Structure formats: C-alpha cells, structure tokens
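Chain by chain, the residues:
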Amino acid sequence: MARALKLASWTSMALAASGFYLYSNKYLDPNDFGAVRVGRAVATTAVISYDYLTSLRSVPYGSEEYLQLRSEVHLRSARRLCELCCANRGTFIKVGQHLGALDYLLPQEYTSTLKVLHSQAPQSSMQEIRQVIREDLGKEVLVLAVKQLFPEFEFMWLVDEAKKNLPLELDFLNEGRNAEKVARMLKHFDFLKVPQIYWELSTKRVLLMEFVDGGQVNDRDYMERNKIDVNEISRHLGKMYSEMIFVHGFVHCDPHPGNVLVRKRPDTGKAEIVLLDHGLYQVLTEQFRLDYCHLWQSLLWTDMRRVKKYCQRLGAGDLYPLLACMLTARSWDSVNRGISQAPITATEDSEIRNNAATYLPQISQLLSHVPRQMLLIFKTNDLLRGIEAALGTRASASSFLNMSRCCVRALAAHKKKTCSFFRRTQISFSEAFTLWQINLHELILRVKGLRLARWLLALLCRRLPAPH
C-alpha cells in the first residue's frame, strides 16, 4: 500500500510541480491565476492519497481482494488526474500526455485513462497563449514553497527548462523551421513523412501545414486493419530517432502517440510514419552527443568500466547505476549481463514498476545534476519506450543494432574531422568492418529466427491430428 500511495502522490506532485512552473501566475482572472491551478493540484493529491490510505488499509497485502481494490483505486485516481489535467490545461496536458505513454512503468489504469490526452486534449484560446508568453518569473516563489514541503524532491531544474523551452514551443515560425530541417536531415528515409509548411499563410502565431491522415503509432488495431507490420514500424521509429540523437544531435522531443501517426502511402501502399508537432527540439552539443554515443555503445557492448566512466562524465557521479537503468529501462542485473542479450521479462518489468516510487528521491537528485540536454532526452526515451510497449516490440534486437550502427558512424565521423588522410582511411576501414560485423550479427539472428519458426511449425504439424 505504501508503494502505491507513494507512486500516486509523486505522480500528482509531478503534475502539480511541472504545471505551475510552466503555466501559472496568469494576471488576475480567478480561473487562470496560478494559485487556483496549484490549489486544484494540491486538492487532487490530497484526495488521491486519502483514497489509497482508507481503501487499502484493512485489506491483507497481496491478497486477491487487495489486488482488486488497488486496481479500482488506481482507476479512480487516474480519472482524477485526467480531470486535473483538463481543468488546468497548458503544461498539465503535456505532463499528462507523457504519463499516458509510460506503459512500461505506470499501472495500466493510469496509462489507459490518460491516453485520451494524446488526441482529445482541451484547446487553449489565443488570449491564454498570449498570457503564457507574457507571464513573469514569479513561479520560482511557488517552486521554493513546494521545495520546503517536499525537501527530498528537487524542482528548480524544471523552472530553468521552462524558461528556455516554453517560448520556443509557442513560436510557430520556429516550429515550421524545425519541421523543414528534420525533413531535409532525414530525407534518405523513404518511410518518413513530415507535412509541408505553407509559409505564405503562416505567422508566429499561426502555422498552416499540409493535412496528413493516419492512425496513432500505438494503435495496434488500426495497423492490423490496414495490414501495417508493427515490427517494421518499430524498426523505422528506432532508426529515425537513433539518427536524430547520435548522428545529428537534433532531436524531436515530443513523440507521444498523438504526434506520431502511421499510414499506408496512397501512391505505393508502403507503411509510412508521419511526424507532427515540431515545436520542441533539443540541439545537443557535440561533447554531450559524443559522450552519449560512447555511453550507449558501452551499454550495448556490456563494457561496464566505460559505462561508469561515461555516466560520470554526464554528471551521474555515484548514481551512475541509476542513470544506466533509467536510460535502458532495465534492471542493474540486466545491464551487467548485457541489455542486447535478452529481451525484458515480465518479472523484470514488474520489478521496475515496483521500484520506481522507491527511488524517486534519488531520481530527482540525478535529474538535478545531469546536463539540461539530458532531461528532454529522458522524456523522449520514455515516450518511445511507451510506444514500443504498446506495440509489443520493446527491447527488440533490431533496435539495439540500429543504435549500434548510428553510434559507430557518429564516432567515426568525429574522429575523421582532424586527422591525416592515412588516418582517415584507417578509421573508414575500421568503421566499415564494424558495420559489417553488426550486419552479419543481424543476419545470424534472422536465420536463427527462421529456423526456430520452422522448428515450431514442424512441431505443431506433428502434434495436430491429420485431417480425415
């Protein structure tokens, strides 16, 4: 019960904290004043906490009755959070969308309820948007007050990110430029569609884009109806984001399912990913991108000495095991065994869910010390992982192989910048050989998969009675 209560309380406080930092202090309209939003969030937190305490207090932990009651409390709490997001709007909606995509981490009652925010979020008026742009920095006072109430959870990094990112998200000309940049950057991916911008009809407050229809990327039923291969879509998504992060350092940071659509191309019938909402991108510094490449390469190759080294270079300090676990969404045991060696099991998944609330203070401490660039990378990883969990393709070998390819290419390109022709030739041969090894490994995995499928088919044929 304590764990469930802690998870719910921290989830509510995350909404409260994130929301009033980013979308509070609205002039003197009582419905939009920051204190009203904070009051709603605090009241919701209190109601949820009381519900968990009173509903589960007298029931034996782990019993069938306990599990049933806990599910009911989860559902009631999720509905209250969803109502809070819709009432407070603004960044509360953004946080709710993020939580709704964390299928691998949060209880199903929460994610299924909050998923409605991906495609049916309340809309804000232009007057509200203008107020957001003009809001002052008085939000720090609220942050400091909350920090006094919850000293083990550090909030100030959220304020810093809010100051930097909110004006960019609300500048539609910036969004249009981002859309065109990523379309050029990834033009070699024929499976990616970025809607065209109509500049002659766009302003800083109005963005007119090409209309493109499709189903949400986590909608398996839509894909089955339209004969779209979920594994192919998952591979494409992994390729796209690996290229953004490791090779270019220009990352779309809001890939919740409402912003990533899938469809069959009208002209060819091939599966296509449609990427929407280009307001928030993270531009990675070269040093961060290279350290992040080295870290992921070390994680994929199970080089624990280098995992520690590059986690610490990225600010984790003694919490480097926690950073490795957060990036991979795997247990520390799995990280030590090798995350590319075996997919996540139901037992490990349950362990991660159960321990998430326990480590929230340490997670908060880590988030306050890593480079600011890492924060949006975490958000992006969470949303992508939620999509993979919904599609049933999480931790597939192909996604790790694609990441390995991008890391190898990115690091080789950096090494070739300032060296002699002979040295560049050596690096190019080494790069080609490593990529060949990765391709060979992928071929072996596919052959093994085919053999296993044939063996299972043969076994079934022997077991089933012959038709009369």
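One structure accompanies this document, and this report is about it. Computed from a predicted model, the values in this text were never measured in an experiment.

Details of the overall build of the chain
Reasoning step 1: A count of helical and extended segments in the chain gives 20 helices and 6 strands.
Reasoning step 2: Taken over 468 residues, the chain has a buried fraction of 50%.
Reasoning step 3: Intrachain contacts of the chain at a sequence separation of at least 6 include 72% that bridge at least 24 residues.
Reasoning step 4: Summing over all exposed atoms, the chain offers an accessible surface of approximately 23100 Å²; the carbon and sulfur share of this is 57%.

Section: helix α11 (residues 230-248)
Reasoning step 1: A rise of 1.5 Å per residue sets the reference length of α11, with its 19 residues, at 27 Å; its end C-alpha atoms lie 26 Å apart and thus fit the reference within 8%.
Reasoning step 2: A side-chain oxygen of the first residue of α11 lies 3.0 Å from the backbone nitrogen of N231; this N-cap is D229.
Reasoning step 3: Looking one or two residues past α11, G249 carries a phi angle of roughly 65°, positive in sign.

So, the side chain of D291
Reasoning step 1: Turning to its location among the elements, D291 is positioned in helix α12 (residues 286-300).
Reasoning step 2: Sequence-distant contacts of D291, that is, excluding residues within four places in its chain, are made with Y310, R313 and L314.

Side note on unusual backbone geometry
Reasoning step 1: Despite not being glycine, D277 has its phi angle at roughly 55°, a positive value.
Reasoning step 2: For D277, the location among the structural elements is in the loop between β5 (271-275) and β6 (281-283).
Reasoning step 3: A residue is classified by how much of its surface remains accessible, and D277, at 25% relative accessible area, is partly exposed.

Details of the packing of aromatic side chains
Reasoning step 1: Evaluation of the coordinates by the stated rule reveals 7 aromatic pairs.
Reasoning step 2: Ring plane angle 25° and centroid distance 5.9 Å describe the contact between F433 and W436, whose orientation is recorded as stacked. With a gap of 3 residues between them, F433 and W436 both fall in helix α20 (residues 421-463), about one helical turn apart.
Reasoning step 3: An aromatic cluster is defined as three or more aromatic residues linked by ring pairs; in this entry it consists of F246, F288 and Y292.
Reasoning step 4: When the ring centre of F250 is taken as origin, the NZ or CZ atom of K181, which lies over that ring, is 4.0 Å away.

Some thoughts on the environment of N218
Reasoning step 1: Summarising the element assignment, N218 is placed in the loop between β2 (215-216) and α10 (220-225).
Reasoning step 2: Since its relative accessible area comes to 13%, N218 is described here as buried.
Reasoning step 3: Along the backbone, N218 and V260 are 42 residues apart, and their C-alpha atoms lie at a distance of 8.8 Å.
Reasoning step 4: Leaving out residues up to four positions away in the same chain, N218 has contacts with K115, P257, A390 and L391.

Points about the side chain of H278
Reasoning step 1: Turning to its location among the elements, H278 is positioned in the loop between β5 and β6.
Reasoning step 2: A distance of 2.9 Å separates a polar side-chain atom of H278 from the backbone oxygen of L275.
Reasoning step 3: In contact with H278, not counting residues within four places along its chain, are E175, N178, A179, V182, V194 and H252.

Focus: the pattern of salt bridges
One side chain can pair with another of opposite charge once the charged atoms of both are near each other.
Reasoning step 1: Counting across every chain of the model gives 13 salt bridges.
Reasoning step 2: One continuous salt-bridge network, built from bridges that share partners, spans R263, R265, D267 and E272.

Digging into the pairing of strand β4 (residues 260-264)
Reasoning step 1: Here β4 lies mainly inside the structure; 4 of its 5 residues are buried.
Reasoning step 2: The pairing of β2 with β4 spans 2 bridges and is classified as antiparallel. Residue pairing for β4: Q216 is matched across the bridge by L261.
Reasoning step 3: As judged from the 5 bridges shared by β4 and β5, these two strands associate in the antiparallel manner. Paired with L261 across the two strands is V274, which belongs to β5.
Reasoning step 4: The hairpin formed by β4 and β5 contains 6 residues between the paired strands, and G269 there has a positive phi angle of roughly 80°.

A word on the sheet that holds β4
Reasoning step 1: Reading across from one edge, β1-β5-β4-β2 is the order of the 4 strands in this open sheet, with mixed pairing throughout. With one partner strand each, in any of the chains shown, β1 (192-193) and β2 form the two edges of the open sheet.
Reasoning step 2: Of the pairings in the sheet, the one linking β1 to β5 comprises 2 bridges and is parallel in character. Looking at the pairing, L192 lines up with I273 of β5.

Quick notes on the rules
- Throughout this description, residue numbers start from 1 for each chain and increase along the sequence as written.
- Selection of residues for local features in this predicted model requires a pLDDT of at least 70, selection of side-chain atom pairs for listing and counting requires 80 or more, and totals for whole chains, interfaces and linings are taken over all residues.
- Based on all heavy atoms of the structure, the side-chain values leave hydrogens and waters out of the count.
- Secondary structure is summarised from DSSP: a helix means a run of H or I of at least four residues, a strand means a run of E of at least two, and numbering begins at the N terminus for each.
- For each residue, the accessible area found with a 1.4 Å probe, counting protein chains only, is set against the maximum for its type, and the residue is called buried under 20%, exposed over 50%, and partly exposed in between.
- Any pair of residues with heavy atoms lying within 4.5 Å of one another is described as a contacting pair.
- Only the protein chains shown count as cover for residues, and all accessible areas are computed by the Shrake-Rupley method using a 1.4 Å probe.
- Given a helix with a known number of residues, its expected span is that number minus one, times 1.5 Å.
- Counting of polar contacts relies on pairs of N or O atoms within 3.5 Å, with two restrictions inside protein: one atom must be capable of donating a hydrogen and the other of accepting it, and residues adjacent in sequence are counted only when both atoms are side-chain atoms.
- Stacked, edge-to-face and tilted are the three classes for Phe, Tyr and Trp ring pairs, Trp counted by its six-membered ring, which pair at centre distances within 6.5 Å; planes under 30 degrees apart are stacked, over 60 edge-to-face, the rest tilted.
- We call a charge positioned above a ring when the Lys NZ or Arg CZ atom is no farther than 6 Å from the ring centre and deviates by at most 35 degrees from the ring normal.
- For this analysis, a salt bridge means a side-chain nitrogen from Lys or Arg found within 4 Å of a carboxyl oxygen belonging to Asp or Glu.
- We treat two strands as partners when DSSP finds at least two bridges between them.

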